[in-house]
Amino acid sequence: MRKVVFIIAVLFAAKIGYEQLIYRSATYDVIVGTYAKSAIKACSKKAVNPKAAESLWSQPSSVKLVIGKSDLDVYFWQVNHLMWRARYKNPYLFITTRNEPNYLLCEYDIMRQSAFVQQM
C-alpha cells in the first residue's frame, strides 16, 4: 500500500511540475513576442547613432526575459519600499547585439516602457 501511495504522490508531483514548466514557457514566449519589437525600437532610439543602431538592433543576438532587477538594494521583507515591485516583480527584457570587438546591451523596462543602453 505504501508503494502505491508513493507512486501516486510522485505522479502528482510530476504532473504539477510539468504544468508549471508549460505555463512558464508559454508566458515567456508571449511576453517576449509581444514586447520585443517595441523594446528594439526603444533601444535603437537610445543609441548614440540612431540610424546606424537601427540596422544593428534589427538582428539581436539574444533576447532574455528577467523578472525583477537584481541590482536594486531592496530586501525581500521590505514590502513597503518604493522599489520593491521593481526589484522582485516587474519584467525586464535584456537585449544584446554583437558589435565586434564589443557588444551593446539594452535593458528594457516593460512596465515603464523605457530603455537603457550600455556598451560592454
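Residues numbered from 1 in each chain as written. Predicted model: local features only at pLDDT ≥ 70, side-chain atom pairs only at ≥ 80, totals over all residues. Heavy atoms only, no water.

Q: An account of the side chain of aspartate 109 is needed here, citing residue identities and associated values.
A: On the secondary structure map, aspartate 109 appears in strand β3 (residues 102-109). Overall, aspartate 109 belongs to the buried group, its relative accessible area being 5%. (Helix = DSSP H or I, 4+ residues; strand = E, 2+ residues; numbered from the N terminus. Buried < 20%, exposed > 50% of the residue type's maximum accessible area, 1.4 Å probe, protein only.)

Q: Summarise the confidence of the model for the protein chain; cite the residues concerned and give the values.
A: Here the protein chain averages 82 in pLDDT, and 89% of its residues register 70 or above. The spread of mean pLDDT over the elements of the protein chain runs between helix α2 (residues 50-57), the lowest at 64, and helix α1 (residues 2-46), the highest at 90. (pLDDT = per-residue confidence, 0-100.)

Q: Give a detailed account of α1, specifying residues and quantitative values.
A: An ideal rise of 1.5 Å per residue puts 66 Å on 45 residues; α1 measures up with 62 Å between its terminal C-alpha atoms. Considering bend angle alone, the principal kink of α1 is centred on alanine 36 and spans about 45°. (Expected span 1.5 Å × (residues − 1). Bend = angle between axes of the 7 residues up to and from the residue.)

Q: With reference to specific residues and values, describe the side chain of threonine 96.
A: Residue placement: threonine 96 occurs in strand β2 (residues 91-99). Take threonine 96: its relative accessible area is 14%, and that puts it in the buried class. Polar side-chain contacts of threonine 96 include one of 2.5 Å to the side chain of serine 62. (Polar contact = N/O pair within 3.5 Å; in protein donor to acceptor, adjacent residues only side chain to side chain.)

Q: Go over the nonpolar core with me, naming the residues and quoting the values.
A: The biggest cluster of nonpolar side chains holds 14 residues, and the ones touching the most others in it are Cys43, Trp57, Leu93, Ile95, Cys106, Tyr108 and Ala115. At the level of secondary structure, the elements contributing two or more residues to this core comprise α1, β2 and β3. Among the elements that line this core, the one with the most residues is α1, at five residues. The contacts of cysteine 106, once residues within four sequence positions are left out, are Cys43, Trp57, Leu93, Phe94, Ile95, Ala115, Phe116 and Val117. (Core = buried A, V, L, I, M, F, W, Y, C linked by side-chain atoms within 4.5 Å. Contact = heavy atoms within 4.5 Å.)

Q: Can you break down the environment of tyrosine 92 residue by residue, with the values?
A: Positionally, tyrosine 92 belongs in strand β2. Owing to a relative accessible area of 3%, tyrosine 92 belongs among the buried residues under this scheme. Taking the C-alpha atoms as reference, tyrosine 92 lies 4.8 Å from aspartate 109; in sequence the two are 17 residues apart. Every residue in contact with tyrosine 92, bar those within four places of it in the chain, is listed here: Lys64, Leu65, Val66, Gly68, Lys69, Ala86, Glu107, Tyr108 and Asp109.

Q: An account of the packing of aromatic side chains is requested, with residue identities and associated values reported.
A: Within the structure shown, the criterion is met by one aromatic pair. The interplanar angle of 0° and the centroid separation of 5.0 Å between the aromatic rings of tyrosine 75 and tryptophan 77 together place this pair among those described as stacked. Here arginine 87 stacks its cationic end above the ring of tyrosine 88, 4.6 Å away from the centre of that ring. (Phe/Tyr/Trp six-rings, centres within 6.5 Å; stacked < 30°, edge-to-face > 60°. Lys NZ or Arg CZ within 6 Å of the ring centre and 35° of its normal.)

Q: Please set out the pattern of salt bridges residue by residue, giving values where relevant.
A: Any two side chains of opposite charge can pair, on the condition that their charged atoms come close. Under the criterion given, the structure shown has two salt bridges. Salt-bridge contacts for lysine 15 lead to glutamate 19; the nearest nitrogen and oxygen are separated by 2.7 Å. With lysine 15 and glutamate 19 both in helix α1 and four residues apart, the pair spans about one turn of that helix. Its relative accessible area of 40% is what places glutamate 19 among the partly exposed residues. (Salt bridge = Lys/Arg side-chain N within 4 Å of Asp/Glu carboxyl O.)

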